[in-house]
Amino acid sequence: MSATGTPLYSAELVQEGGAYKLVVTDRLRHTVQTAYVSRRAVEQLPALLSKFDSLHLRGVRQR
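Residues numbered from 1 in each chain as written. Predicted model: local features only at pLDDT ≥ 70, side-chain atom pairs only at ≥ 80, totals over all residues. Heavy atoms only, no water.

Novice: Help me understand the pattern of salt bridges in this model?
Specialist: Two side chains with opposite charge may pair up if their charged atoms get near one another. Following the criterion strictly, the structure yields three salt bridges and no others. A salt bridge links E16 to K21, with the shortest nitrogen-to-oxygen separation between them at 3.0 Å. E43 serves as the salt-bridge partner of R39, at 3.0 Å between the closest nitrogen and oxygen. Highlighted residues: R39 and E43, both in helix α1 (residues 39–57), separated by four residues, approximately one helical turn. The burial state of R39 is the same as that of E43; both residues are exposed. (Salt bridge = Lys/Arg side-chain N within 4 Å of Asp/Glu carboxyl O. Helix = DSSP H or I, 4+ residues; strand = E, 2+ residues; numbered from the N terminus. Buried < 20%, exposed > 50% of the residue type's maximum accessible area, 1.4 Å probe, protein only.)

Novice: Got a minute to help me understand the environment of S10 in this structure?
Specialist: Tracing the backbone through its elements, the reader meets S10 in strand β1 (residues 9–16). We classify S10 as partly exposed; its relative accessible area is 29%. Placed 17 residues apart in sequence, S10 and R27 show a C-alpha to C-alpha distance of 7.2 Å. With sequence-adjacent residues up to four places away left out, S10 is seen in contact with V23, V24, T25 and R27. (Contact = heavy atoms within 4.5 Å.)

Here it is, written out as structure tokens:
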């Protein structure tokens, strides 16, 4: 997958031992936020991303 345009945010999911940490960088404000997420949330990420992609392909616009 390639990205075009100006990146606004970037995110990494980091595994630390048995814990998962989401690291989100705001590329315009140069700030970083972190949050620990459950294993269940991590396991649901592929389905969530697929749903976003599906909505985009159907032309559904959200406010």
